[in-house]
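Chain by chain, the residues:
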Amino acid sequence: MGVADRAIVVALDGPSGSGKSSVSRGAAARLGLRYLDTGAQYRAMTWWMLQAGVDIADPAAVAAASAKPRVESGTDPADPAICVDGEDVAVAVRSARVTASVSAVAAVQPVRDRLITLQREIIRAALADGIGIVVEGRDIADVVWPQAQCKVYLTASAEARAARRSAELADVAADTLAALSRRDAEDAKTTRPLDAAPGAVLVDATNLTLAQAIDRVVDLAQAGR
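Residues numbered from 1 in each chain as written. Predicted model: local features only at pLDDT ≥ 70, side-chain atom pairs only at ≥ 80, totals over all residues. Heavy atoms only, no water.

1. Some remarks on the overall build of the protein chain
When you go through the protein chain residue by residue, the secondary structure sums to nine helices and eight strands. For the protein chain, the residues scored as buried account for 48% of the 225 residues in total. Taking the contacts inside the protein chain whose residues are at least 6 apart along the sequence as the reference set, 76% of them involve residues at least 24 apart. Accessible surface computed for the protein chain: about 10,000 Å², of which carbon and sulfur atoms make up 52%. (Helix = DSSP H or I, 4+ residues; strand = E, 2+ residues; numbered from the N terminus. Buried < 20%, exposed > 50% of the residue type's maximum accessible area, 1.4 Å probe, protein only. Contact = heavy atoms within 4.5 Å. Areas by Shrake-Rupley, 256 points an atom, 1.4 Å probe, with all protein chains shown as cover.)

So this is what it looks like as C-alpha cells:
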C-alpha cells in the first residue's frame, strides 16, 4: 500500500532555522499530503497582537486578547496561506519585529491552548478526508499529536542554521547566530525544541541538501505506514 493510499500524520519538530518548513512542504508534496506550519500560526497571532497594540511583555494582556483574532491556515504545500481576520499575512508574519516577539506570545498558555486546539482540528479534518498531513513545529510529536504514525526531529548545527537563516533574511551570519541562540533559549522555556520527543527519529540536516532531507522524511513516512 502506498503512502497516498491511507491517511497518515507526519509530525516534524525541530529548532528554528533547521529547515523544517522547506523539508515539510517538500515531503508533503511528494507524499500527496496536506501541510501545516504551526509556527506561522504563532507568528500570525503575534502579528495581530502587535497591530492591536497589545503589550506582549504582559502575559495577562496577551492572554486576554488571545481569543479575538481569527487565524486561518491553508494546507496546500504548494501555497500554504496564513490569514488573520481574512487578511493574508504570509509576508507580514516574517518581519523582524514579529520574529523578535513571537517567543513571548507563544509562551502564554491561553495562546498555546487556542492554537493547539486549532491545529488538532486541522489534523482531524485531513484524516477524515482520508488524505493525511505533514505538521511542522516545536511540540507536534509530544503535545499536539503524540499518536502520529511518523515522528521526525529535524536539526542541524547552530552554524548551519545561522547560515540558512542568513541566506533567507540577508542578515549578517554572526548576528543571525546570536539571534538563533536567543530564540532557542526563549523557546526552550515553553516547548522542547532542543530535544526529540519519545519515539521520534532524529535527522541531522547539517550536511544534507534539501533534496536529501526531503528524501529522508519521505522514507520515514513510507516506513511508518
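2. What to know about the environment of Lys20
When you line up the elements, Lys20 lands in helix 1 (residues 20-31). Note on Lys20: relative accessible area 8%, which makes it buried. Distance from Lys20 to Val135, taken between C-alpha atoms, is 9.6 Å for residues 115 residues apart in sequence.

3. Examining the packing of helix 2 (residues 38-51) against helix 4 (residues 96-106)
Geometrically, a packed helix pair is captured by the angle between its two axes and the distance between the axes. It is the contact of helix 2 with helix 4, at a shortest axis distance of 8 Å, that shows an interaxial angle of 105°. On the basis of the axis angle, helix 2 is roughly perpendicular to helix 4. Every residue of helix 4 that contacts helix 2 at Tyr42, Arg43, Met45, Thr46, Trp47 and Leu50 is listed here: Arg97, Val98, Thr99, Ser101, Val102, Val105 and Ala106. Here the contact of helix 2 with helix 4 is composed, by residue class, of eight nonpolar, three polar and two charged. (Axes fitted to C-alpha atoms, helices over the stretch in contact; angles between N-to-C directions. Parallel < 35°, antiparallel > 145°, perpendicular 65-115°, else oblique. Nonpolar A, V, L, I, M, F, W, Y, C, P; charged D, E, K, R; others polar.)

4. Re the nonpolar core
Side chains of a nonpolar character, in soluble globular proteins, are inclined to be buried together. Of all hydrophobic cores here, the largest spans 40 residues; its most connected members are Met49, Val62, Val111 and Ile133. Within the residue set of this core, elements represented by two or more residues are strand 1 (9-13), helix 2, helix 3 (59-65), strand 4 (82-84), helix 4, helix 5 (109-128), strand 6 (133-137) and helix 6 (140-144). For this core, the leading source of residues is helix 2, giving eight residues. Excluding anything up to four places from it in sequence, Ile133 contacts Ile8, Val9, Val10, Leu33, Arg34, Tyr35, Leu36, Thr75, Ile122, Ile123 and Ala126. (Core = buried A, V, L, I, M, F, W, Y, C linked by side-chain atoms within 4.5 Å.)

5. Here's the deal with the sheet that holds strand 3 (residues 71-73)
Taken together, the three strands give an open sheet; going across it, the order is 3-4-5, and neighbouring strands pair in antiparallel fashion. The open sheet is flanked by strand 3 and strand 5 (87-88), the only strands paired with a single partner. Two strands pair when backbone bridges link them, and strand 4 and strand 5 are joined in this way by two bridges, in the antiparallel orientation. The residue of strand 5 that forms the bridge with Val84 is Glu87. Taken strand by strand, helix 2 contacts strand 3, strand 4 and strand 5, and its axis lies near 30° from that of strand 4. (Pairing = 2+ DSSP bridges.)

6. Section: helix 9 (residues 210-223)
The first and last C-alpha atoms of helix 9 sit 20 Å apart over 14 residues, in line with the 20 Å expected at 1.5 Å per residue. Each element contacted by the buried residues of helix 9 is listed here: strand 1, helix 1, strand 7 (150-155) and strand 8 (201-204). (Expected span 1.5 Å × (residues − 1).)

7. Section: the pairing of strand 7
With respect to burial, strand 7 is a largely interior element, six of its six residues being buried. Side-chain alternation along strand 7 places Cys150, Val152 and Leu154 on one buried face and Lys151, Tyr153 and Thr155 on a second face that is also buried. Judged from the four bridges that link them, strand 7 and strand 8 form a sheet pairing that is parallel. Each bridged residue has a counterpart across the sheet, and for Tyr153 the counterpart in strand 8 is Leu202.

8. Re the sheet that holds strand 1
Strand pairing in a sheet is mediated by backbone hydrogen bonds. Such pairs are either parallel or antiparallel. What the five strands build is an open sheet, ordered 2-6-1-7-8; its pairing is parallel. Pairing within the sheet leaves two strands with one partner each, and these edge strands are strand 2 (34-37) and strand 8. Here the strands of the sheet are splayed against their neighbours by 20° on average, with no regard to which way each runs.

9. Details of the side chain of Gln41
Along the chain, Gln41 falls in helix 2. Gln41 has contacts with Leu36, Val71, Ser73, Ile82, Leu115, Leu118, Gln119 and Ile122, leaving out every residue within four places of it along the chain.

10. Some thoughts on the environment of Asp79
Within the secondary structure, Asp79 sits in the loop between strand 3 and strand 4. According to the relative accessible area criterion, Asp79 is exposed, its value standing at 55%. On a C-alpha basis, the gap between Asp79 and Tyr35 in space is 9.6 Å, while along the polypeptide they are 44 residues apart.

By themselves, these observations are geometric and do not establish any function.
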